Amino acid sequence: MEIDDLERIHQDFFAPTFVVTIGGQDLVRDLHLTVASVSVDLKEKASGRFTITVTNAFSWEDREFVAGAADSRVHLLDLFKFGTEVDVRLGYGEPARLSSVMTGTITELATSFGASGAPQLELSGYDRLFGLTIGKEKDYLEEATDSDYVRRIAARHGLQADVTDTTPKKPRIEQNEETDLAFLEKLAGRNENFTFYVRNERLYFGPRHRAAADIVLPWGGGLTAFNPEVNLANQIAAVEVVGTDAETGEQIVGRAERVLPEGRDGAEGSGPERLAEALNSEPVLRVRAGVHTQDEAKSKAAGILNERANKFLTGSADCIGLPELRPDINVAFEGLGQGFSKTYWVNGVVHEISGAGFTTSLTVEETGI
């Protein structure tokens, strides 16, 4: 989608607006509260976080945090209790047209009683991945795939599962006193280029969406700043994972050599290619891991290699507020010269609306330059 298309959709980016609904009540339109700022921080493999600042929540007459008329007064500390559902919608123009950017629950509440001025309330919370960080599980599945276990985790937390099937079946998948989030990260790490996150109450677990650009942002025409960094420090030409065969007890070795995903930019300028040029050699990383089949070892090696290669070119960017920007989409930056005008994969996004307007910042990565 080009910036001109986005401009038409968002009415020339005029009149940024938001809707924050807590416990079914719109803070601005139902409770007539003044919301000074709304921030939503979205990342892959981590809980999304929101922060909302309310400035006129304290009544000097009642000496309480309240909202509404006397005959329909709402005590805000009751409304903002932990676990209350929050829906955040951001965009431009008519509030009824906005789409949800994040749904979560309140986990934090802060204020400050100073010598002057009314105290404000700042409430924060996380999306449904937060529940996966609480408590440690001891569980297992036999004759199952990693994707089978992910579906088990999703069901445990009442999430719909958007899960890509993995292979092969393993004799036993064991979670040993680990949080579900930590174990999800482990499962993603042993499947090539996999990621996970929650979106619209669905747990996605599958390959990163590496394809053509979803959004095109020219520098000076939507993209206001970009700070890229290219670093050879963690690059490697190949990875070998060493384990023990579950049936024979013999050593097994899985090897992966970097091949860029089809359709990505700069195959000849990838991290492994640049490393080989700089050192005149092709270093191999050897790792011992708890793998018990040849396929498992190869998949683990590919996962390690991809994770490193994806961090060759990284960067942070600022742009006009775009609610369409989410982790696990692709954006093309234009007007940055031959090396940096390319399509990047987005791994983190922060949306913020305040008195300064609606802005979005994002972090990106790419395999070559």
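Up top is the structure.
## Remarks on the sheet that holds strand S12 (residues 160–163)
The strand order across the open sheet built from 3 strands is S12-S15-S14, with neighbouring strands paired in mixed fashion. Every interior strand has two partners, whereas the edge strands, S12 and strand S14 (194–199), have only one. In this sheet, neighbouring strand axes are inclined to one another by 15 degrees on average, regardless of whether the strands run parallel or antiparallel. Contacts from helix H3 (residues 146–156) reach S12 and strand S15 (202–207) within the one sheet, and its direction differs from that of S12 by about 160 degrees. Where helix H4 (residues 180–189) meets the sheet, it contacts S14 and S15, and its direction lies at approximately 140 degrees from that of S14.

## Structural notes on the layout of surface pockets
Within this model, the largest pocket holds a volume of roughly 370 Å³. Looking at the largest pocket, it is lined by 20 residues, and the ones nearest its centre are Arg190, Gly290, Val291, His292 and Glu296. For the lining of the largest pocket, the elements supplying multiple residues, two or more each, are strand S13 (170–178), H4 and helix H6 (294–309). Of the residues forming the lining of the largest pocket, the biggest block, 5 residues, is contributed by S13.

## Considering the sheet that holds strand S19 (residues 251–257)
On the basis of which strands lie adjacent, the open sheet formed by 3 strands has the order S19-S18-S20 and mixed pairing. The open sheet has two edge strands with one neighbour each: S19 and strand S20 (284–288). Taken over all neighbouring pairs, the strand axes of this sheet differ in orientation by 20 degrees on average, direction set aside. Note that strand S18 (residues 238–244) and S20 share 5 bridges and pair parallel. Bridge assignment links alanine 238 to a residue of S20, and that residue is valine 284.

Calculation rules
- Residues numbered from 1 in each chain as written.
- Predicted model: local features only at pLDDT ≥ 70, side-chain atom pairs only at ≥ 80, totals over all residues.
- Heavy atoms only, no water.
- Pairing = 2+ DSSP bridges.
- Helix = DSSP H or I, 4+ residues; strand = E, 2+ residues; numbered from the N terminus.
- Axes fitted to C-alpha atoms, helices over the stretch in contact; angles between N-to-C directions.
- Contact = heavy atoms within 4.5 Å.
- 1 Å grid on protein atoms, 1.4 Å probe; cavity = no way out; pocket = protein on both sides within 12 Å on 5 of 7 lines; lining within 4 Å.
- Points joined across faces, edges and corners; volume = space filled by probe spheres on them.

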